[in-house]
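Residue-level listing of the chains:
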Amino acid sequence: MPNPTTVEPATTSGSWTVLTYSIADTNLEPFMMTDLEELGDVGTQEGLNVVALVDRSAEYSDEPVLGLDPWSGAKYLEIDQNEATVLEDMGDVNTGDPNVLADFIARAIYDYPADHYALIISDHGASWPGVGADGSFGDDTLNLAELDASLAAGLKAANLEKFDLLGFDACLVPTYAAAPTRHRAERLVASQELEPGHGWDYRALDTIADDGTATVDELGSAIIDGFEAQAQDEGTDSDITLAMVDLTKMGAVDAALKAFTDVLVDRASAVGPVVGRTL
C-alpha cells in the first residue's frame, strides 16, 4: 500500500489517527464540505493524523474545498492544515458497501500508524436501519449488521483490536441500538435525536494534537462541547442530543436488561398489561 503523503505520519508516543468516512453523495454534501474545512483548520500535525474518504455528487454542490477543485466520486485524502492531499482518486464507489469501509479502515491505519485511533462516520442516520445513503447507488446504506462486519474486517486487516472512539455524525443513532458495534471501540459518540445540518464542529480535534497526552474521554468530551457550542451559535440547540458511552460497560447493561426482561417473560400475563399502560 503506497503512502504518498506530504506530511510525515505522527508516530510519537500518544499520537492519534482520526479516520473520517464522509458519505457526502447526498443532500448533506454542502454541510459536509464545511466539515472538511473545519478538519483543515486542525489538520495533520505533530501528534495527529487526519485522513478521510470523501464521496461527493455532481448534483448538490460545486464548491472547491481545501484547495481541491470540486469533484464527483470518492477521494482518499490526507487532511493537512488548510489543504488536502489526494492520495487516491477512487472514482465512483458505493459507500454503502461494507467492503469499501473495511478497506478504508485497513488502508488508513496501515498508512498512518499511531497509538490511538478514532473513526467518525458522517451522513444521514436512521436508527436501527443504519447510516448513510449513497445517492449514486440507489441510496444504499450501511445497516448495523453491515457496519459491524465492515468494522471487524477492517480492524482485523489492520491487526488492531478496536478503535479508541467510534463516532456517528448522523441523526438517530441511539446508543443502545448501535450496540452491535460495542466490541469495535472503547467509546461511542452518537446522537439519539435529529442533528442539525451543520453536524459536529471538527475543530474539536485540536484537543488531541500536539502534546500526545489526550485521552479518549477528553476527545469525546471536546466533540460534545464543540457540537453544543456550534449549535448555540447557529441557533439550533433547542433539541440537540449527543452522548458518549463507555462501550466496555455494555455487558453489564445487557445483563441488567436480561434480568429485567426475564422477570417480565415469566410474569407476562400479570405484568404485561401494567407495563403496557405505563408506557
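Placed above this text is the structure.
Residues numbered from 1 in each chain as written. Predicted model: local features only at pLDDT ≥ 70, side-chain atom pairs only at ≥ 80, totals over all residues. Heavy atoms only, no water.

Before we go on, may I ask you to explain the overall build of the protein in this structure?
The helix and strand tally for the protein stands at six helices and 10 strands. Its C-alpha atoms give the protein a radius of gyration of 19 Å, within 12% of the compact-globule value 19 Å for 279 residues. Projecting the C-alpha coordinates of the protein onto the three principal axes gives extents of approximately 65 × 45 × 35 Å. Evaluated residue by residue, the protein yields a buried proportion of 51% over its 279 residues. Of all intrachain contacts in the protein linking residues separated by at least 6 positions in sequence, the fraction that spans at least 24 positions is 69%. In the protein, 13 positive and 51 negative side-chain charges are present, and the distance between their average locations comes to 14 Å. (Helix = DSSP H or I, 4+ residues; strand = E, 2+ residues; numbered from the N terminus. Rg over C-alpha atoms; globule rule 2.2 N^0.38 Å. Buried < 20%, exposed > 50% of the residue type's maximum accessible area, 1.4 Å probe, protein only. Contact = heavy atoms within 4.5 Å. Lys, Arg positive; Asp, Glu negative; His and termini not counted. Charge placed at Lys NZ, Arg CZ, Asp CG, Glu CD.)

Help me understand the sheet that holds strand β3 (residues 73-80), please; the structure alone is not making it clear to me.
Through backbone hydrogen bonds, the strands of a sheet pair up, either in parallel or in antiparallel fashion. A sheet is described by the order of its strands in space; here eight strands give the open sequence β4-β3-β2-β1-β5-β8-β9-β10, paired in mixed fashion. Each of the sheet's edge strands pairs with one partner strand only, and the pair in question is β4 (83-91) and β10 (243-246). Going from strand to strand, the sheet's axes swing by 15 degrees on average, the running direction of each strand aside. Contacts from helix α4 (residues 216-234) reach β1 (16-23), β5 (116-122), β8 (163-169), β9 (185-190) and β10, with the element oriented near 160 degrees to β10. (Pairing = 2+ DSSP bridges. Axes fitted to C-alpha atoms, helices over the stretch in contact; angles between N-to-C directions.)

How should I be thinking about the environment of Thr26 in this particular structure?
With respect to the helices, strands and loops of the structure, Thr26 is situated in the loop between β1 and α1 (29-42). Setting aside residues no more than four positions away along its own chain, Thr26 makes contact with Tyr60, Asp123, His124 and Ala133. Here Leu28 takes part through its backbone nitrogen, which lies 3.0 Å from a polar atom of the side chain of Thr26. A polar contact is formed between the side chain of Thr26 and the side chain of Asp123, at a distance of 3.1 Å. (Polar contact = N/O pair within 3.5 Å; in protein donor to acceptor, adjacent residues only side chain to side chain.)

I tried to follow the pattern of salt bridges on my own but got confused; where do I start?
It is possible for side chains bearing opposite charge to pair when their charged atoms get close. A full pass over the atoms with the stated rule returns nine salt bridges. The partner of Asp148 in a salt bridge is Arg184, and the shortest N-O contact between them spans 2.8 Å. Linking Asp148 in helix α3 (residues 144-157) with Arg184 in the loop between β8 and β9, this pair joins segments that are 36 residues apart in sequence. Close ionic contact of Lys162 with Glu186 constitutes a salt bridge, the shortest N to O distance being 3.8 Å. Of this pair, Lys162 sits in the loop between α3 and β8 while Glu186 sits in strand β9; the two residues are 24 residues apart in sequence, bridging distant segments of the chain. Here the residues in one salt-bridge network are Glu88, Arg107 and Asp111, joined through shared partners. (Salt bridge = Lys/Arg side-chain N within 4 Å of Asp/Glu carboxyl O.)

Help me out: how do you make sense of the packing of aromatic side chains in this one?
Each aromatic ring pair is specified by the distance between its two centres and by the angle formed by the two planes. Scanning the model with the defined rule gives three aromatic pairs in all. Judged by centre distance (6.1 Å) and plane angle (85 degrees), the rings of Tyr76 and Phe104 are edge-to-face. Of this pair, Tyr76 sits in strand β3 while Phe104 sits in helix α2 (residues 98-111), and the two are 28 residues apart along the sequence. Each member of the pair, Tyr76 as well as Phe104, is classed as buried. Chaining the aromatic ring pairs together yields one cluster made of Tyr21, Tyr76 and Phe104. For Arg56, the ring lying beneath its charged end belongs to Trp71, and the centroid distance is 4.8 Å. (Phe/Tyr/Trp six-rings, centres within 6.5 Å; stacked < 30°, edge-to-face > 60°. Lys NZ or Arg CZ within 6 Å of the ring centre and 35° of its normal.)

I tried to follow the side chain of Glu78 on my own but got confused; where do I start?
Tracing the backbone shows Glu78 in strand β3. The side chain of Glu78 sits in the buried core without any salt bridge; Arg107 is the nearest counter-charge, 11 Å away. Within the local environment of Glu78, its side chain forms a polar contact with the side chain of Tyr112, the two groups lying 2.7 Å apart.

Whenever I open this one, α4 confuses me. Can you help?
Helical periodicity: at 3.6 residues per turn, an α-helix aligns residues three or four positions apart in one direction. Across its 19 residues, α4 extends 27 Å between first and last C-alpha, which sits within 8% of the 27 Å expected from 1.5 Å per residue. If you check which residues of α4 are buried, you get Val216, Leu219, Gly220, Ala222, Ile223, Gly226, Phe227, Gln230 and Ala231. All buried residues of α4 project into a common sector of 160 degrees when viewed along the axis, lining one side. Next to the buried residues of α4 lie β1, α1, β5, β8, β9 and β10. Following α4 by one or two positions, Gly235 has its phi on the positive side, about 70 degrees. (Expected span 1.5 Å × (residues − 1). Arc of directions from axis to C-beta.)

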